[in-house]
Amino acid sequence: MKKNIAILPGDGIGPEVCEAATKVLSEIGKMYQHEFEFTFADLGGAAIDKTGTPLPAETLSVCKKSDAVLLGAVGGPKWDTLPGDQRPEKGLLGLRKELDLFANLRPVTIYDALAEASPLKDDVIQGVDLVIVRELTGGLYFGEPRERRGEGEEQLAVDTLVYSRKEIERIVRKGFEFAEIRGGSLTSVDKANVLESSRLWREVVDEVAKEYPDVKYSHMLVDNAAMQLVRNPRQFDVIVTENMFGDILSDEASMITGSLGMLPSASLSQDGPGLFEPIHGSAPDIAGKGIANPLATLSSVVMMLTYAFEMKDEANALAEAINDVLEAGHRTADLTNDASNALSTEEMTNQVIDAL
Ligand code: ATP
Ligand code: MG
């Protein structure tokens, strides 16, 4: 199969982890007779330096023509003094909007070999394998009006939490789809005891559920979900929730693993290309040193193979290769206290390729 992949290395360690990804993708292409074609484009600080804007029109057009987009990371201290609307992060927000990426997926997987990094006890985290499906383009972060009113003592600040039935339906349907693909269950998280938008959310979930009779589903209040995630994360398979709850819960869930350098994400639209990226940032403190952990980005490639290309065998092979190198004891600096034995980005990438 031929696939066009837009590569947006971005800033900090972004280019380093993207290089690992293209190397591994090329290898998979050779093994399975696929033609992966890479088109590089600028985003974030790198784009600001070259063109003066964090999301150049050229980048957007490359992404729109692609079958999938791989992103490294954006941002860094160099651009922190710019006004808010000209920051590197604006480039990513703009891209999400332009590609209509309404579904954000954050899997949380515990690797046995890294279990000691978790702040939670062994018996609590063993076998944790869940994915949070977060609505990304609606809700409190986008609702209008959002404004200040009045002055001094009388001043008010207003944000608006609004969801249309349509917006809820499409994200909830994604949740059920993924639960069906995984052969698992769905937990819908809301705050229906106080929020009207959550009551509509619950109604829609109950309706959509009728189309997925094989998927076991339940409702959970967000405060309870926050507690259950650390009390007994194994009870969850797919969690679907609105934007702000998903923002908070997915950061909480990511800490279950204790290894930021390991976690991937995917943002998907209805029909267009999806965006795949590690959840970690640009890590300016280690940028350019060649020591960044590439595994979060390689796991994002696993998601790309799965969700964008439906290449199940290829995805499984890469996921297994990642697991194998960890089982064999290979570690980048962020995963070990034994600095003298830490692998560089390139060495770790080569280990994965060998394992493949
Ligand atoms: P952002 O605001 O972009 O999310 P951040 O400040 O939250 O960034 P990161 O840039 O992700 O955080 O970095 C947090 C810490 O984790 C840093 O010390 C960084 O070096 C480390 N880190 C992040 N990603 C990796 C990685 N892939 N490999 C090794 N260390 C990493
Ligand atoms: Mg951060």
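So, how was this worked out
- Residues numbered from 1 in each chain as written.
- Chains lettered and ligands numbered in written order.
- Predicted model: local features only at pLDDT ≥ 70, side-chain atom pairs only at ≥ 80, totals over all residues.
- UniProt positions renumbered as here; feature names shortened; annotations may be inferred.
- Near = placed C-beta within 6 Å.
- Nonpolar A, V, L, I, M, F, W, Y, C, P; charged D, E, K, R; others polar.
- Helix = DSSP H or I, 4+ residues; strand = E, 2+ residues; numbered from the N terminus.
- Expected span 1.5 Å × (residues − 1).
- Buried ≥ 20, exposed ≤ 12 C-beta atoms within 10 Å, placed from the backbone.
- Arc of directions from axis to C-beta.
- Domains from an automatic or database assignment.
- Contact = placed C-beta atoms within 7 Å.

As annotated in an unreviewed UniProt entry, the protein chain carries the name 3-isopropylmalate dehydrogenase and comes from Halalkalibacter alkaliphilus. In its Catalytic activity (unreviewed entry) section, the UniProt record describing the protein chain reads: "(2R,3S)-3-isopropylmalate + NAD(+) = 4-methyl-2-oxopentanoate + CO2 + NADH". Per UniProt, the comment on the protein chain under Pathway (unreviewed entry) is "Amino-acid biosynthesis; L-leucine biosynthesis; L-leucine from 3-methyl-2-oxobutanoate: step 3/4."

**Student:** Got a sec to walk through the site of ligand 1? Specific residues and values, please.
**Tutor:** Neighbouring ligand 1 are 14 residues, the closest being Gly261, His280, Gly281, Ala283 and Asn293. Here the shell around ligand 1 is composed, by residue class, of six nonpolar, six polar and two charged.

**Student:** Tell me about helix α7 (residues 196-209), and name the residues and values.
**Tutor:** Given a rise of 1.5 Å per residue, 14 residues ought to cover 20 Å, and the 20 Å separating the end C-alpha atoms of α7 matches this to within 8%. Buried within α7 are the following residues: Ser197, Ser198, Trp201, Val204, Val205 and Val208. Angularly, the buried residues of α7 cover 120 degrees about the axis, an arc narrow enough to put them on a single face.

**Student:** Let's hear about the domain arrangement of the protein chain: which residues, and what values?
**Tutor:** Its domain assignment divides the protein chain into domain 1 (1-99 + 272-356) and domain 2 (110-261). Look at where the C-alpha atoms of domain 1 and domain 2 centre, and you get two points 25 Å apart. Contacts between domain 1 and domain 2 engage 13 residues on the former and nine residues on the latter. The set of elements that each furnish at least two residues to the side of domain 1 that touches domain 2 consists of α4 (88-98), α10 (295-308) and α11 (312-327). Residue composition of the side of domain 1 that touches domain 2, grouped by class: five nonpolar, four polar and four charged.

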